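Chain residues, written in single-letter form:
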Amino acid sequence: MILNETYTLANGQPIPKLGLGTWFIPDGSAAQAVRDGMAIGYRNIDTAQAYGNEHGVGDGVRTSGVPRSDLFVSSKLAAEIKDYDGAVAAIDGSLTTMGLEYLDLMLIHSPQPWDNWRGGSYAEGNREAWRALEEAQQAGKLRSIGVSNFERQDLENILGSCTVAPQVNQVLLHVGNTPDDLLAYCRGQDILIEAYSPIAHGEMLRNTEVTAVAERYSVSVPQLCIRYALQLGTVPLPKTANPEHMENNAQVDFAISDADMQVLRSLRFSDYGRSSRFPVFSGK
């Protein structure tokens, strides 16, 4: 079962191959969502300071009945924090808010603040934030560290000065939006890709081409999309608070043929509907 399978990060830490995303799950509902996910078998839980639900996620982790050592819990440094002191305080703030002694992974959420997405250069600020993550890892507060939404030039900025290379890059990846060059680059640098919004923030459910492929395998569109991300060697992070959806999302014990993988990989999808207002879906 996929929930029992792991990859190994560059620093030797295992990471479950399928995670539970928590974006848009309110703080008051997050603890139960986490407990429900753990009861099904999820062990990889992803949140962020920007999601506003770290408290609830931490509560769910602490009250799940699952040993902390069996879990992989991630959060992200707010995209607006581009200085060392601010990053140090924010890392400690996440641990306090979540009520946890350590996080298994913490990422820089974006190379730019959200109000200047793909805008100006924040190279020095990202290096300063990264230095804070490195020191927190050395202190045992963070087991692994990484980035999110970083393109090649953003990664090269970190790699050119770091003492510890990023172990993870979490990016938008789904059928119709497969960043092949970035995938290849990260693979060459031993940086694992995590795929957020693997169902295109739900918009893939309306795609007739993808639906046709899913029907050939007698699976749902979400199951096909999650399997697609897995076969690319990434960690998909479908987000849901619905236990039935959580369970269905983990039922991906099938293989997409090479021919169908090529078909899915060649699709181009850019209509995120109302979600296009969010920077990550804006097309920049």
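Description of the structure in this document. A quick note: this is a predicted structure, and the numbers were derived from the prediction, not measured. (Residues numbered from 1 in each chain as written. Predicted model: local features only at pLDDT ≥ 70, side-chain atom pairs only at ≥ 80, totals over all residues. Heavy atoms only, no water.)

1. What to know about the pairing of strand β8 (residues 168-172)
Using the following cut-off: Type-normalised accessible area, obtained with a 1.4 Å probe on protein chains alone, sets the label of each residue: buried when under 20%, exposed when over 50%, and partly exposed for intermediate values. Helix and strand assignments follow DSSP, with helices taken as H or I runs no shorter than four residues and strands as E runs no shorter than two, numbered in order from the N terminus. Being paired, for any two strands, means DSSP has found at least two bridges between them. Assignment of crossover handedness uses the view with strands pointing away from the viewer, where a clockwise path from the first strand over the helix to the second indicates a right-handed crossover.
Summarising burial for β8: five of the five residues are buried, a large majority. Examined bridge by bridge, strand β7 (residues 145-148) and β8 share two bridges and lie parallel to one another. What sits directly across from S148, in β8, is Q170. Once the chain exits β7 it traverses helix α5 (residues 152-159) before rejoining the sheet at β8, and the crossover so formed is right-handed. Bridging between β8 and strand β9 (residues 192-196) involves five bridges; their strand directions are parallel. Counted as the bridge partner of Q170 is E194 from β9. Between β8 and its parallel partner β9, the chain crosses via helix α6 (residues 180-188), and the hand of that crossover is right-handed.

2. Thoughts on the environment of C225
Quick note on the threshold: In what follows, residue pairs with any heavy atoms lying within 4.5 Å of each other are defined as contacts.
Among the structural elements, C225 can be located in helix α8 (residues 221-231). Looking at C225, the relative accessible area reads 1%, which means it is buried. With 56 residues separating them in the primary sequence, C225 and N169 have C-alpha atoms 19 Å apart. Setting aside anything within four residues of it in sequence, one finds C225 in contact with V175, P198, I199, M204 and V210.

3. Quick notes on the packing of aromatic side chains
The condition is simple: Two aromatic rings, drawn from Phe, Tyr or Trp (for Trp, its six-membered ring), form a pair once their centres lie within 6.5 Å of each other, and the interplanar angle then sorts them: stacked below 30 degrees, edge-to-face above 60, tilted otherwise. Look at NZ for Lys and CZ for Arg. If either is within 6 Å of the ring centre and within 35 degrees of the ring normal, a charge sits over the ring.
One pass over the structure, following the stated rule, counts nine aromatic pairs. Put simply, the rings of W23, F24, Y51, F269, Y272, F278 and F281 touch in pairs and so form one group of aromatic residues. Between the NZ or CZ atom of R68 and the centre of the ring of Y102, over which it lies, the distance is 4.1 Å. The side chain of R131 reaches across the aromatic face of Y84, ending 4.0 Å from its centre.

4. As for the pattern of salt bridges
Basically, it comes down to this: Think of a salt bridge as a Lys or Arg side-chain nitrogen and an Asp or Glu carboxyl oxygen that are within 4 Å of each other.
Under the definition given, this model contains 14 salt bridges. One salt bridge in this structure joins D59 and R35, with 4.0 Å as the shortest N-O distance. Of the two residues, D59 is situated in helix α2 (residues 54-62) and R35 in helix α1 (residues 27-40); the sequence distance between them amounts to 24 residues. With its nearest N and O atoms 2.6 Å apart, the salt bridge here joins R127 to E124. Remark: E124 and R127 occur in helix α4 (residues 123-138); sequence separation between them is three residues, near one turn of the helix. Assessed through its relative accessible area of 28%, R127 is described here as partly exposed. In this structure, a network of salt bridges that share partners links the residues R35, D59 and R62.

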